[in-house]
Amino acid sequence: MAVKKGLTTLFLLFIYVLGSRITLPFVDLNSRDFLGGSTAYLAFSTALLGGNLRSLSLFSIGLSPWMSSMILWQLLSFSKKLNISSGAVEVQDRRKMYLTLVIALIQSLALSLNLPIQHLYSSLLVTVLNTILLIAGAFFLVWLSDLNAQLGVGGSVVILLSSIVLNIPQDILSTFQLVRISMGMMILIALSSIVLTYMMVLMYRARYRIPVHKIGLRSRFKRYSFLEIMLNPAGGMPFMYVMSFLSLPTYIFLLLQTLFPHTSVFSELSAQYGVGKPLWIYSYIAMIFLFSIAFAFINMSGDQISDRMKKSGEYIYGVYPGEETSRFINRLVLRFSIIGGIFNVLMAGTPMLFVLSDEKLLRIAMIPGLFMMFGGMIFTIKDEMKALRLNETYKPLI
């Protein structure tokens, strides 16, 4: 089973890599105006989300619309007035896709209007065509991710991971050549990366175990029954979704700037909120902390855990089942999420402050965040493979 799923994932990755090499039609690939302008650093952040702006392919915007829609849907679901989380699952999924379509339209149109189009063709027709193709490419990646989640391993994480491996190293190496960092500084960065990797593994593997009692379980097996809460419950999810969430205003300002070129307000907003600008950096640091807390409760929901425990006859010693168990778990998750949020800000947010002095250091400053994102993806895939191979360890009795 595990081997079959692994081969399926490899085949789907081949389709993704093939699609990321298919360029948009009627685009002047020799022009440097596109990536050399306001979208220079946007190409780097898009590569973290499964996109490929450098080759201007069908998958240029990647999974960013879908990830942004998931964040907005979670935020909107907290409102009782909207009541969008009620109804059948099929209806909610359809609404999420509508929201994804709106975001994909904004991002695709913003990119298409700024593409270096060949002068032989109509700008309007090429813009409409490329907008439709970019939207189709984004939805194809969503479908590919769902297909991989059903038949393969890792879901959308594998696509994001492959995008990082294919695009990010080249960007970081070009930055080292551009900034001309000394050999001593490069050794310091390498040593810091090793220390960061060690601390990241500790944070991802550290667990707080709560003894759980189960009705009918013999006393000698009780020491094996417990509920685990990660020291960093959000894992590497905040970094992926922060990049997606922060890219949405960048696309909106870019679109407004293009549609209304004579309005200075949109140009100033686009310049101030560009990737690597001070406002963007401060928003990035704040969002990492907030998302570390938010995704901790998404991964460890006290209501869901307490409901599952009550149905299976489990309880925490000294805590009443039901609402009291839910509050007990949520308090622990909140404490550990704050610890994880502080760790994430110190490791991935603090280096971004160096970008305030030199914007060229953006890609280097994002290396710690990349390590934590990369590590979270690796651990997610590893845990899924371990769960798949668990059934294969049991031998038939006959």
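Predicted, not measured: the structure shown is a model, and the values here were computed from it. The residue numbers shown here count from 1 along each chain, following its written sequence. The predicted nature of this model means local features are confined to residues of pLDDT at least 70 and side-chain atom pairs, given and counted, to a pLDDT of 80 or more, with totals for whole chains, interfaces and linings taken over all residues. Side-chain measures here rest on the full set of heavy atoms in the structure, leaving out hydrogens and waters.

Colleague: Honestly, unusual backbone geometry in this entry has me stumped. Any pointers?
Modeller: Most of the time, phi is negative for any residue but glycine, and the peptide bond is trans. Positive phi outside glycine occurs at Phe26, with the angle close to 65°. Secondary structure is summarised from DSSP: a helix means a run of H or I of at least four residues, a strand means a run of E of at least two, and numbering begins at the N terminus for each. Structurally, the position occupied by Phe26 is in the loop between α1 (2-20) and α2 (33-36). Accessibility here uses a 1.4 Å probe with only protein chains present; expressed as a share of the type maximum, an area under 20% marks a residue as buried, one over 50% as exposed, and anything in between as partly exposed. Classification of Phe26 as partly exposed rests on a relative accessible area of 32%.

Colleague: Just to check I follow, could you spell out the nonpolar core for this structure?
Modeller: Side chains of a nonpolar character, in soluble globular proteins, are inclined to be buried together. With 80 residues, the main nonpolar core has Tyr241, Trp280 and Tyr284 as its most contacted residues. In terms of residue count, helix α9 (residues 237-259) provides more of this core than any other element does, 11 residues in total. Setting aside residues no more than four positions away along its own chain, Trp280 makes contact with Met243, Leu246, Thr250, Gln272, Tyr273, Gly274, Val275, Met352 and Leu362. Counting 14 residues, the second-largest nonpolar core is a separate cluster that includes Ile210, Leu227, Ile316 and Leu332. Think of a nonpolar core as a cluster: buried Ala, Val, Leu, Ile, Met, Phe, Trp, Tyr and Cys residues, connected wherever their side-chain atoms sit within 4.5 Å. The contact rule is simple, with two residues in contact once any of their heavy atoms fall within 4.5 Å.

Colleague: Just to check I follow, could you spell out the side chain of Asn148 for this structure?
Modeller: Here Asn148 shows up in helix α6 (residues 123-151). When its relative accessible area of 3% is taken as the criterion, Asn148 is described as buried. In this structure Asn148 touches Thr9, Leu12, Val153, Gly154, Gly155 and Val158, once residues within four positions along its chain are discounted.

Colleague: Would you mind going over the environment of Tyr284 with me for this structure?
Modeller: Of note, Tyr284 is situated in helix α11 (residues 278-299). Sequence separation of Tyr284 and Leu246 is 38 residues, and the distance between their C-alpha atoms is 7.3 Å. Setting aside residues up to four positions removed in sequence, Tyr284 forms contacts with Phe239, Val242, Met243, Leu246, Ala348, Met352 and Met366.

Colleague: Would you explain a nonpolar patch on the surface in this entry?
Modeller: Patch membership requires more than 30% relative accessible area and the absence of a salt bridge. Residues of like charge join within 9 Å; the nonpolar side chains Val, Leu, Ile, Met, Phe, Trp and Tyr join within 5 Å. Residue exposure ignores everything except the shown protein chains as possible cover, and the areas themselves are Shrake-Rupley values with a 1.4 Å probe. Salt bridges are defined by distance alone: a side-chain nitrogen of Lys or Arg within 4 Å of a carboxyl oxygen of Asp or Glu. Judged by side-chain polarity, Met183, Met186, Ile187, Leu191 and Ile194 come together as a nonpolar surface patch covering roughly 510 Å² of accessible area. Relative to the helices and strands, Leu191 is located in helix α8 (residues 183-205).

Colleague: Would you explain the pairing of strand β1 (residues 207-214) in this entry?
Modeller: The side chains of a regular strand alternate, first on one face of the sheet and then on the other. Of the pairings in the sheet, the one linking β1 to strand β2 (residues 226-230) comprises 5 bridges and is antiparallel in character. Across the sheet, residue Arg209 finds its bridge partner in β2, namely Glu228. Between any two strands, pairing holds if DSSP finds at least two bridges. Looking at chain direction, β1 and strand β3 (residues 314-316) are connected through 3 bridges and run antiparallel. Its bridge partner lying in β3, His213 is registered against Tyr315.

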